[in-house]
Amino acid sequence: MQRSMLEVKKLKKYYPAKGPGFLKARTATKAVDGVDFTLDCGETLGLVGESGCGKSTLARLIVGLIKPTEGDIYFEGRSISDMTRGDMRRVRRDIQFVFQDPYASLNPRMTVGNIVGEPLKIHRLVKDKYRKDRIRELFDLVGLEPQHMSRYPHQLSSGQRQRIGIARALAVSPRLIVCDEPVSALDVSVQAQIINLLQDLKQRLGLTYLFIAHDLGVIGHISDRVAVMYMGRIVEIAHRDRLFGSPAHPYTKALLSATPAAHPKHRKERRIPEGEVTGSGCLNGGCRFRNRCPGAVPLCDEAEPELFDLGGGHLCACHRVKGTHRF
Amino acid sequence: MGEIVLSVKGLKTYFYTKSGVVPAVDGLDLELERGETLGIVGESGCGKSTAALSIMGLIPSTEGRVEQGEILFKGRNLVTLPRVEMRKIRGREISMVFQEPMTSLNPVLTIGRQVAEVFVVHRGLNQREALKETIKMLSLVGLPMPELRLREYSHQLSGGMRQRVMIAMALACKPDVLIADEPTSALDVTVQAQILQLINELKERLGTAIILITHDLGVVAEAAEKVLVMYAGKAVEYSDVNGIFDNPEHPYTKGLLASIPGHKKHGQRLDVMEGSTPNPGDHSGGCRFYPRCRYARGICRTSEPELFDLGGGHLCACHFV
């Protein structure tokens, strides 16, 4: 039995609507609205969803960049919100973050060597005289040459910049890395290099990933389990073979059906849901997908479906799936 | 073989910057048949968008120009056409859909006015007739409640609806050629599928030939009949879509296909091309792909391969194919 590394319980993050008005509380943006999942040691959990579904907010909550409105995050069984500052500092080293756009997340006035060395300084991990050696080691780990150390971010290609972003995350020897769309801004050929690098690092260093992407190809390639998010909630979570082979939730089915074919011979008749993701304020109560769902029933208007175990760790939040499931 | 509506020969488009001349498109040939969809694939900086802007005559004259080559459309060379004539063609006979609909729609004009303008300018209709046509066009592209949308502004629409409006404008005059530059790259995958489906349906209905520019081979697999693969300002391979996916010949095309991750390849290492896409103008003679090519030999460094017909209209520019 694997130990769970991270456990997220009923996590919520609401952003209050700006401006005056007594309906404030009602119109708050519910970016993350009740998310539960666990992440085991050494696994890669893929988190997929369309823009605005709350996946990046969830990532920021987990690394502690923002505070949750409600709910809790447990790292190795301990609640992060109850931690003292000293403990939190320790946890920050264990959980690191890789951002989507390496250009925006690297200080343009620092050499990339200093960027990678900064976490070492902040966490006082190596003596000053050994810092350079450690940086060189990290550069080697992510496939960069030592002579790159004195360059500035704008002098590197986008793939090299993302390698710097990864080296910086690795500097403090983390155990969990939250990758928020780490390859989405890259060209296909460079994207493949970074995916390979992330997989190699996982094996060599025994890392655990929470991997966020909107691209199902990337998610299916790298993840052990996949969670699908829709409007602030996880609607389905399963082992990747189950999720791609026999998806249960109508939204997951729609996503898979909408993904372009890998080969022109596999062009298919699609069942694409009508419409687009609506703002989170306008669907009060009931299932969030009901206005786009081809199989919505009256119950979907009344009650919000909860995640329900279909067996083998395949969870799905849909009334109709639950109704037709045989125990 | 169908009738050829557009043919580009030896197109070279150069930009002039402080740091020198940038040959964004450096000798491109292509032919487009009536009613077909040609996918142009390549990574950033390969010149695919510049090629599109050259065809449209939209290269800003302060920054660059078409240096050489011809763009033949209905017997006329668009490169040498006077601006007044080009304005009559642009938007009526050849039109374009851009990647980011938010930045290509005017935020201070209503949707109705913007789409109606096409009918006023190109077909000489009066406002009332133009609005009637606009409503027809908007419902053709599947915009719900078009009468209401007329009075709305672009920020009130979702990304998918904005792209539908762009398509409505582009197809308003039933052009012979539609150039779609990354039309779905800014959209979510479910919306992307809707838009691709729409473009395909309209093509069938109106018989428009489409140049579909994308970096996404999935989009090509989904919507194109012919494919042109570009690398560093030049075409490296051209074939019908099955040929590209079944028998890719150029090492770059093979590399691109092998780089695509997927559920079925889980856990395997992706077969990658080392290095990254070159900046335009970085090369000096020889094959542009040779620094990244695993099959490169001496000849690749010294002489630049030309497109060569492998039979059945499958062209490839590589010394070893």
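Further up the page is the structure itself.
A brief structural summary. Keep in mind it's a predicted model, so treat the numbers as computed, not measured.

1. Here's the deal with the interface of chain A and chain B
And step 1. Taken together, the contact pairs 43 residues of chain A with 45 residues of chain B.
And step 2. Of the roughly 3,500 Å² buried at the junction of chain A and chain B (both faces included), carbon and sulfur atoms supply 50%.
And step 3. At the junction of chain A with chain B, the criterion picks out two salt bridges.
And step 4. Measuring nitrogen to oxygen at the nearest pair gives 2.7 Å for the salt bridge that ties Asp246(B) to Lys265(A).
And step 5. Taken together, the connections running from chain A to chain B amount to 25 residue pairs in polar contact (both at pLDDT 80 or more).

2. Topic: the sheet that holds strand 5 (residues 76-77) of chain B
Residue and element names in this part refer to chain B.
And step 1. Strand order in the open sheet formed by four strands is 2-1-4-5, and the pairing between neighbours is antiparallel. The strands lining the two open edges of the sheet, one partner per strand, are strand 2 (20-33) and strand 5.
And step 2. Sheet topology note: the strand 1 (residues 4-17)/strand 4 (residues 64-73) ladder contains eight bridges and is antiparallel. Paired with Thr13 across the two strands is Val66, which belongs to strand 4.

3. Quick look at the sheet that holds strand 1 (residues 4-15) of chain A
And step 1. Across the sheet, four strands lie side by side as 2-1-4-5 (chain A); this open sheet has antiparallel pairing. Because the sheet does not close on itself, it has two edges, and the strands there are strand 2 (29-40) and strand 5 (78-79) of chain A.

4. Points about the environment of Met5(A)
And step 1. Within the secondary structure, Met5(A) sits in strand 1.
And step 2. With residues up to four places along the chain from it excluded, the contact list for Met5(A) reads Leu39(A), Asp40(A), Cys41(A), Tyr74(A), Phe75(A), Glu76(A), Arg175(A), Leu176(A) and Thr208(A).

5. A short note on the layout of surface pockets
Residue and element names in this part refer to chain B.
And step 1. As a volume, the second largest pocket reaches approximately 680 Å³.
And step 2. Lining the second largest pocket are 18 residues; nearest its centre among them are Arg90, Gly91, Val118, His122 and Met169.
And step 3. Mapped by element, the contributors of at least two residues to the lining of the second largest pocket are strand 6 (94-97), helix 4 (111-123) and helix 7 (159-171).
And step 4. At five residues, the largest contribution of residues to the lining of the second largest pocket is made by helix 4.
And step 5. A per-class count over the lining of the second largest pocket returns ten nonpolar, five polar and three charged.
And step 6. Structurally, the lining of the second largest pocket is a two-domain feature, drawing no fewer than three residues from each of domain 1 (4-93 + 173-316) and domain 2 (94-172).

Analysis parameters
- Residues numbered from 1 in each chain as written.
- Chains lettered and ligands numbered in written order.
- Predicted model: local features only at pLDDT ≥ 70, side-chain atom pairs only at ≥ 80, totals over all residues.
- Heavy atoms only, no water.
- Contact = heavy atoms within 4.5 Å.
- Buried area = accessible area lost by both parts, 1.4 Å probe.
- Salt bridge = Lys/Arg side-chain N within 4 Å of Asp/Glu carboxyl O.
- Polar contact = N/O pair within 3.5 Å; in protein donor to acceptor, adjacent residues only side chain to side chain.
- Pairing = 2+ DSSP bridges.
- Helix = DSSP H or I, 4+ residues; strand = E, 2+ residues; numbered from the N terminus.
- 1 Å grid on protein atoms, 1.4 Å probe; cavity = no way out; pocket = protein on both sides within 12 Å on 5 of 7 lines; lining within 4 Å.
- Points joined across faces, edges and corners; volume = space filled by probe spheres on them.
- Nonpolar A, V, L, I, M, F, W, Y, C, P; charged D, E, K, R; others polar.
- Domains from an automatic or database assignment.

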